[in-house]
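Spelled out from the first residue to the last, the chains are:
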Amino acid sequence: MQQIDGYTRLCGLIGNPVEHTMSPMIHNTLARKEGRNLVYVPFHVEHGQVQKAVEGAYALNVLGLNVTVPYKGEVIGCLTDTDAMAGRIGAVNTLVRTDGGYKGYNTDMMGLYRALCSEEIRLEGEEIILLGAGGAARAVAFLCASKKAARVYLLNRTLDKAKQVAEEVNCAYAYECVIPMQMEAYATIPSDKKYLAIQATSVGLYPNVEEAVITDSAFYEKIHTGFDLIYKPAETKFMALVREKGGQAFHGLKMLLYQGVIAYELWNDTEVSEEDALAVYGKMKAEMGIRD
Ligand code: ATR
């Protein structure tokens, strides 16, 4: 156990619920590895108390906070500054202490990008199929456009939501990047090339491990790489279907790792070595019972 003294800095997580988070393990492991006098704790914040929580944290000299469900949007109103990308997405998961208040970032998307890079998956110039148009998928669509993806076929059960996301992203980045589509219309995506598919719906999440948003094997013939934002289970039905047709598939645990690593780097103005990041990843996999 680390020594806590008068110099110990505090970081934490606000959300509701926060009890099942892996973030304390990520940050406390990194702090111990680096010999940094910092502790990270979860704070269960009741509805209607976010502003007070953020103000209180600032008054208590808290170095930084993560923000999780359901406060990633609401917290923006409590900040003195917001990173441009996070502002566009409308979701902040990391608060960094600055003079006068906290600045908000979206390290979920920065983390996804770093996870993709670590697997040598590119967004730049790519043709991408994005499944979903909820909060997570919306953020991914912004990330893809910010990296100048050639095209994003945005497939969703509710077409109107896909249309709305497409309009917002295309307007923000001033090119026709995102094409909204009804989920069932996947057969109309040109079959003369293969795609990166990012699975950003909640379908397939534990305990519904036998479900995938598209089950037709013909769809998976179009996919060279599948990336599922879900990490529980470690092989989703979507991933299994991608692999069955010869594609490579990844779960979302590295995204969770790197969103934490990037938050830690922002708070401490440092760069975490890949060796330390992968040591944390090993602990996360052990916690999840993942062996690969
Ligand atoms: P998150 O914040 O995780 O993105 P969300 O905003 O509730 O969660 O979005 C959930 C996504 O999963 C949406 O794209 C949703 O589709 P709809 O917009 O049509 O609701 C998708 N989703 C959830 N359950 C689904 C199901 N049974 N079949 C198809 N899509 C589903």
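Please refer to the structure placed before this passage.
Calculation criteria
- Residues numbered from 1 in each chain as written.
- Predicted model: local features only at pLDDT ≥ 70, side-chain atom pairs only at ≥ 80, totals over all residues.
- Heavy atoms only, no water.
- Near = heavy atom within 4 Å.
- Polar contact = N/O pair within 3.5 Å; in protein donor to acceptor, adjacent residues only side chain to side chain.
- Areas by Shrake-Rupley, 256 points an atom, 1.4 Å probe, with all protein chains shown as cover.
- 1 Å grid on protein atoms, 1.4 Å probe; cavity = no way out; pocket = protein on both sides within 12 Å on 5 of 7 lines; lining within 4 Å.
- Sits in = over half its atoms within 2 Å of the grid points.
- Nonpolar A, V, L, I, M, F, W, Y, C, P; charged D, E, K, R; others polar.
- Pairing = 2+ DSSP bridges.
- Helix = DSSP H or I, 4+ residues; strand = E, 2+ residues; numbered from the N terminus.

Enquirer: Give me the site of the ligand: which residues, what numbers.
Expert: Taken together, 13 residues sit near the ligand, with A136, N156, R157, T158 and K161 positioned nearest. At 2.7 Å, a side-chain N or O of N156 approaches an oxygen atom of the ligand. One of the backbone nitrogen or oxygen atoms of S202 is found 3.3 Å away from an oxygen atom of the ligand. Burial of the ligand by the surrounding chains reaches 63%, relative to a free accessible area of 640 Å². With respect to the detected pockets, the ligand is housed in the largest pocket. A breakdown of the residues in the shell around the ligand according to their chemical character gives four nonpolar, seven polar and two charged.

Enquirer: Tell me about the sheet that holds strand β6 (residues 101-105), and please be specific about residues and values.
Expert: Across the sheet, which stays open at both edges, the six strands sit in the order β2-β1-β3-β5-β6-β4 with mixed pairing between neighbours. The outermost strands of the open sheet, each flanked by one partner alone, are β2 (38-44) and β4 (81-82). Inspection of the sheet shows strand β3 (residues 64-67) paired to strand β5 (residues 94-98) by three bridges, in the antiparallel sense. Bridging across to β5, L65 finds its partner in L95.

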